[in-house]
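Residue-level listing of the chains:
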Amino acid sequence: MNNRVYTVGSLIPGRLIAKPPVSEQTESKVIKTEVITVEQNGKRMDIHPVKGKLLDIALNQGKQINYKCRKGTCGQCTVKVLIGPRLSAPNSQEQKKLKNEITNGYRLACQAEIH
Ligand code: FES
């Protein structure tokens, strides 16, 4: 049932096109800005979040992240996460290797998971 009340103003051509509710406007904005931004050796990279290891996803998207062991032991893949939606909490390998640097936003790309 349509309970919409039409007023004189709503009958003006072009005014009948309803704007999306504020909640929808906000939601589309969130989707547009959902990118993981990391920095390694002063080089900033935007990664579109796909489920998997951050390193693998970044490499698949053509980002040149340095890495070596892929086991969480060498630290070559350390990145600073500037914007990180959908990233897992640091695992034990990251905590062991990075120690307090985790609180400054550093992660091991080979260990961090994107959900
Ligand atoms: S590649 Fe060695 S710690 Fe990630």
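Residues numbered from 1 in each chain as written. Predicted model: local features only at pLDDT ≥ 70, side-chain atom pairs only at ≥ 80, totals over all residues. Heavy atoms only, no water.

Undergrad: Describe unusual backbone geometry, with residues and values.
TA: In this structure, Arg-86 takes a positive phi of about 70° despite not being glycine. Along the chain, the position of Arg-86 falls in the loop between β4 (78–83) and α3 (92–98). Judged by its relative accessible area of 35%, Arg-86 is partly exposed. You will see that Lys-99, though not glycine, has its phi angle at about 50°, which is positive. Mapped onto the elements, Lys-99 comes out in the loop between α3 and β5 (106–108). For Lys-99, a relative accessible area of 59% puts it in the exposed group. (Helix = DSSP H or I, 4+ residues; strand = E, 2+ residues; numbered from the N terminus. Buried < 20%, exposed > 50% of the residue type's maximum accessible area, 1.4 Å probe, protein only.)

Undergrad: Break down the pattern of salt bridges for me, citing the residues and quoting the values.
TA: Any two side chains of opposite charge can pair, on the condition that their charged atoms come close. For the coordinates displayed, the defined rule picks out 4 salt bridges. Arg-70 is paired through a salt bridge with Asp-56; the nearest N and O atoms lie 2.6 Å apart. Here Asp-56 lies in helix α2 (residues 54–60) and Arg-70 lies in the loop between α2 and β4, a separation of 14 residues in the sequence. Note that Glu-94 is salt-bridged to Arg-107, the shortest N-O span being 2.7 Å. With a gap of 13 residues between them, Glu-94 in helix α3 and Arg-107 in strand β5 connect regions that are remote in the sequence. (Salt bridge = Lys/Arg side-chain N within 4 Å of Asp/Glu carboxyl O.)

Undergrad: Explain the sheet that holds strand β2 (residues 43–47) residue by residue, including any values.
TA: The antiparallel open sheet is built from 4 strands, whose spatial order is β2-β1-β4-β5. Where the open sheet ends on each side, the last strands, each with one partner, are β2 and β5. Geometrically, the sheet is characterised by an average inter-axis angle of 40° between neighbouring strands, direction not taken into account. As paired strands, β4 and β5 are joined by 3 bridges and run antiparallel to one another. By the bridge assignment, Lys-80 is partnered in β5 with Tyr-106. (Pairing = 2+ DSSP bridges. Axes fitted to C-alpha atoms, helices over the stretch in contact; angles between N-to-C directions.)

Undergrad: Account for the nonpolar core, with residues named and values stated.
TA: Formed by 19 residues in total, the largest nonpolar core has its most connected members in Ile-36, Val-38, Ile-47, Leu-54, Ile-65, Val-79 and Ala-109. Those elements giving two or more residues to this core turn out to be β1 (36–40), β2, α2 and β4. Ranked by residues supplied to this core, first place goes to α2 with 4 residues. Apart from residues no more than four positions distant in its own chain, Val-38 is found in contact with Lys-43, Arg-44, Met-45, Ile-47, Leu-54, Val-79, Lys-80, Val-81 and Leu-82. (Core = buried A, V, L, I, M, F, W, Y, C linked by side-chain atoms within 4.5 Å. Contact = heavy atoms within 4.5 Å.)

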